[in-house]
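Structural features, examined
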Amino acid sequence: MPASNTLTPSPRVIAVANNKGGVGKTASAAAIAGELARQGNAVLALDLDPQAGNLTAVLHQRGYRGHTLLSVLLGEATLEEIIVETKQVNLDLLPASIQLLSQESRLQRIPGYHGLLRRLLPQLNGYAYLVIDCPPSLGDLTSLALTAADVYVIPCQAEQLAFDGLHDMVRAAGVVRENLNEKLTMAGIFFTAYHPNQRGALNHGTVEATRRIYGDDALLPHIRKDMAVPMSQAMQQSVCAYEPTSRAAQDYQLLTQAILNAL
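Here goes a summary of the coordinates provided. These figures come from a predicted structure and were not determined experimentally. (Residues numbered from 1 in each chain as written. Predicted model: local features only at pLDDT ≥ 70, side-chain atom pairs only at ≥ 80, totals over all residues. Heavy atoms only, no water.)

**Structural notes on the pattern of salt bridges**
Under the defined criterion, the tally for this structure stands at 9 salt bridges. Asp133 is the salt-bridge partner of Lys25, the closest N and O atoms lying 2.7 Å from each other. Linking Lys25 in helix α1 (residues 25-38) with Asp133 in strand β5 (residues 129-133), this pair joins segments that are 108 residues apart in sequence. In this structure, Lys25 and Asp133 share a single accessibility class: buried. Across the pair Asp150 and Lys183 runs a salt bridge, and its minimum N-O distance is 3.2 Å. Of the two residues, Asp150 sits in the loop between α7 (140-148) and β6 (151-156) while Lys183 sits in the loop between α8 (160-179) and β7 (185-191), which places them 33 residues apart along the sequence. (Salt bridge = Lys/Arg side-chain N within 4 Å of Asp/Glu carboxyl O. Helix = DSSP H or I, 4+ residues; strand = E, 2+ residues; numbered from the N terminus. Buried < 20%, exposed > 50% of the residue type's maximum accessible area, 1.4 Å probe, protein only.)

Given below as structure tokens:
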């Protein structure tokens, strides 16, 4: 964990969120964090998925059973005790475990719990960026993340079911912005495992429908399907660190720059 400096600002917070699983959310959170770290920034990736802890498996350890963010919020551990280094320089991880499932119900008993993560940010001022992998739901942990975030991005697949869930995510973020975090901004929507020249008419129609509803400015660079992504996960690295010249890494570099432009 970088040394805290009271003269440095709190990190800029990017939440990667979608209430539907299987859309490349965790891989994208790892890639965005990895690209920011590759650029020389001190980055903390935060795993908030209580069901799987996939980001923890991708960047650190499968089957992790230790303390989590909620352990800190509940006063059972300190940040210094639970933040771990990853294989990539400049990239640390605040892991998740199955323990989050039982802790979440306890969190709800704390007055003003939605703002707990936001109030913790000054303790993380050694980092330039915090990238949060939200759970695939619209529950309290996603609300906790969005209340702390400067921007959120929505990974999506060019399929009807994922498209339907996209609206729910945007509406939920709107509620958070209206009631808990007026600075929250949608940096945009991006499609994963997608290539305009290789997908069918239905897929193109989903992308075009998103464009019509949310506007051209809401569409971020697409991420092409690439075996470098699962290979990087097997090596417990972000794709941007594992194979920076791969198609996916190049796409994530463009995506990360677009997110930075929105901050």
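**A word on the nonpolar core**
In terms of nonpolar packing, the biggest core is built from 51 residues, with Leu69, Ile132 and Leu144 touching the most fellow members. Broken down by element, this core gets its largest block of residues, 6 residues, from α8. Those residues in contact with Leu144, other than ones at most four positions away along the chain, are Leu69, Leu70, Leu73, Leu107, Tyr113, His114, Leu116 and Leu117. Counting residues in hydrophobic clusters, the runner-up holds 36 residues, among them Tyr129, Val153, Phe190 and Ile223. (Core = buried A, V, L, I, M, F, W, Y, C linked by side-chain atoms within 4.5 Å. Contact = heavy atoms within 4.5 Å.)

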